[in-house]
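Structural features, examined
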Amino acid sequence: MPATLWTNARVVTADGGIPRAPQPGALEVLTEGGQILAVGPALPRAGAAIMDCAGRLLTPAPIDCHTHLVFGGDRATEFEMRLDGVPYAQIAAQGGGIRASMRATRAMDVDSLVAASLPRLDHLLAEGTGTVEVKSGYGLSVAAELTMLRAARALGQARRVRICTTWLAAHALPPDYEGRPEAYIAEVAIPGLTAAHAEGLVDAVDSFCETIAFTPDQLAPLYDHARALGLPVKIHAEQLSQSGGTAFACGYNALSADHLEHATAADAQAMAASGTVAVLLPGAFYTLRETVLPPVAAFRAAGVSMALATDCNPGTSPLTSILLTMNMGATLFRLTVAECLLAVTAHAARALGLQDVTGRIAPGLAADMALWDVQTPAQLVARIGFNPLHARIYQGERVA
Ligand code: DI6
Ligand code: FE
């Protein structure tokens, strides 16, 4: 690919501060071979194709760093049950929730899972997204978890997008392991991870640490195994209660702890010490009508990086809009516009261990960018149900 000079854009690099009113042409971006070569004022033009951005806002391509995008079936009936007042935990206890999606997912093969998931992925891509994390966790057997991650990898072949895969076998107990969480971890989660890793299907390991799922003690052998394989870990923690998952995962230098409504100031301190990113998921907060807010002030005070993600899943966050996620981060969690933008770019990259690959407009990183028909970051975050994407740029190429 020849060198391209992106001129006359209002550039938000997410590499440092976020300007409120970036000026057109103040910074130019030179890309070549899928990479960003240079960022600066008045870059040399020799030999480069000129791309006039006509004063539009140019940002790093958004990153959705926490999704359960691959699944079978649909849980709209549970949505109706919750409208009738049945709580999520009760639906789960009655065999609904994650287990309902398990049954639907187990009934599908790789091709049908890809077909079911592509419309969701396309919705994310339509808002400029360049990187999407995808978790397993609805198979809950070795074979079905592997099938999910093969489907996730196939999505990355079907579209121009970077897919990061996460092993989330420790998401819920399947019925055949009812009351036997230790056996499930030993017989499914750990050997399945070995097999998935050998097949190149795993970029990170995650779990659901919660009263309705797994305790830190039950998860420790799995996290020890991840460490032995050299795989980074993450955790779903303190979503519905204080379960100690955050402190536990920080002991493994987790890339991220996610949800965190019930996290404490001490958790924030532990996260700061281990460099763990706080991934906030306003779609789940909204869907479950939670009232306890994540401790954003404590994260700020401790210097914890905050990311935002859709948590796209069939139950607690049927959300495929990164723009709405930013808006919810601001309105529900009171993040600033600058925090929202960093939360889906530089900080989301850190939550995936990709800070040297994507998430900023900086030399040496992939030229994953989004060009928007707006002039300021605030205009990107303020609106609801409006998509101003002009162009999605993936590895230096305009792909939409
Ligand atoms: N936390 C969540 O919000 C989702 N998974 C998790 O660990 C829920 C997934 C589902 O209900 O299907
Ligand atoms: Fe999740």
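Residues numbered from 1 in each chain as written. Chains lettered and ligands numbered in written order. Predicted model: local features only at pLDDT ≥ 70, side-chain atom pairs only at ≥ 80, totals over all residues. Heavy atoms only, no water.

This part covers the domain arrangement of the chain. A common measure of how large an interface is: the accessible area buried when the components associate. When the domains of the chain are assigned, the result is domain 1 (4-61 + 360-398) and domain 2 (63-351). The distance between the C-alpha centroids of domain 1 and domain 2 comes to 30 Å. Facing the 27 residues of domain 1 at the interface are 24 residues of domain 2. For the pair domain 1 and domain 2, the two sides together bury roughly 2000 Å², of which 62% comes from carbon and sulfur. For domain 1, the biggest contributors to the area lost against domain 2 are Val-381, Arg-392 and Tyr-394; these three give 33% of the whole. Here domain 1 is connected to domain 2 by two salt bridges. As a salt-bridge pair, Glu-397 and Arg-160 come within 3.3 Å of each other at their nearest N and O atoms. Put simply, domain 1 and domain 2 have eight residue pairs in polar contact (both at pLDDT 80 or more) between them. (Domains from an automatic or database assignment. Contact = heavy atoms within 4.5 Å. Buried area = accessible area lost by both parts, 1.4 Å probe. Salt bridge = Lys/Arg side-chain N within 4 Å of Asp/Glu carboxyl O. Polar contact = N/O pair within 3.5 Å; in protein donor to acceptor, adjacent residues only side chain to side chain.)

So, on to the sheet that holds strand β11 (residues 234-237). Read across the open sheet, the four strands follow the order β11-β12-β13-β14; overall the sheet is parallel. Each of the sheet's edge strands pairs with one partner strand only, and the pair in question is β11 and β14 (306-308). Across this sheet, the average inter-strand angle for adjacent strands is 25 degrees, counted without regard to direction. Relative to strand β12 (residues 256-259), β11 runs parallel, the two being bridged by four bridges. (Pairing = 2+ DSSP bridges. Helix = DSSP H or I, 4+ residues; strand = E, 2+ residues; numbered from the N terminus. Axes fitted to C-alpha atoms, helices over the stretch in contact; angles between N-to-C directions.)

Taken in spatial order, the five strands line up as β2-β6-β15-β16-β17 in an open sheet, and their pairing is mixed. A strand with exactly one partner marks an edge of an open sheet, and here the two such strands are β2 (10-11) and β17 (397-398).

On to the side chain of Thr-7, then. Here Thr-7 lies in strand β1 (residues 4-7). Here Thr-7 falls in the buried class, since its relative accessible area comes to 7%. Ignoring sequence-local partners within four residues, the contact set of Thr-7 consists of Glu-28, Arg-45, Ile-50, Met-51, Asp-52, Cys-53 and Ala-54. (Buried < 20%, exposed > 50% of the residue type's maximum accessible area, 1.4 Å probe, protein only.)

What follows is about the coordination of the iron ion (ligand 2). With distances of 2.1 to 2.3 Å, the protein atoms coordinating the iron ion (ligand 2) are His-66 (NE2), His-68 (NE2), His-236 (NE2) and Asp-311 (OD). In terms of primary sequence, the donors binding the iron ion (ligand 2) are separated according to H-x1-H-x167-H-x74-D. Of this pair, His-68 sits in the loop between β7 (63-64) and α1 (76-83) while Asp-311 is found in the loop between β14 and α12 (322-331), placing the two residues 243 residues apart along the sequence. With a relative accessible area of 2%, Asp-311 lands in the buried category. (Donors = N, O, S within 2.8 Å, 3.2 Å for Na, K, Ca; no water.)

Look at helix α7 (residues 216-229): 19 Å from first C-alpha to last across 14 residues, which is about the 20 Å you get at 1.5 Å a residue. Of all the residues in α7, the buried ones are Pro-216, Gln-218, Leu-219, Leu-222, Tyr-223, His-225 and Ala-226. Buried residues along α7 sit against β9 (162-170), α6 (181-198), β10 (204-207), β11 and α8 (245-250). Gly-230 occupies a position one or two residues after α7 and carries a positive phi of about 80 degrees. (Expected span 1.5 Å × (residues − 1).)

To continue, consider the packing of aromatic side chains. Each aromatic ring pair is specified by the distance between its two centres and by the angle formed by the two planes. The full count for this structure, using the stated rule, is seven aromatic pairs. Each ring, one from Tyr-184 and one from Phe-214, has its centre 6.0 Å from the other, and the planes form 20 degrees; the classification is stacked. You can see Tyr-184 sitting in helix α6 and its partner Phe-214 sitting in the loop between β10 and α7, a full 30 residues away along the chain. Across the pair, exposure class does not vary: Tyr-184 and Phe-214 are buried alike. Among the aromatic side chains, those forming a connected cluster through ring pairs are Tyr-177, Tyr-184 and Phe-214. (Phe/Tyr/Trp six-rings, centres within 6.5 Å; stacked < 30°, edge-to-face > 60°.)

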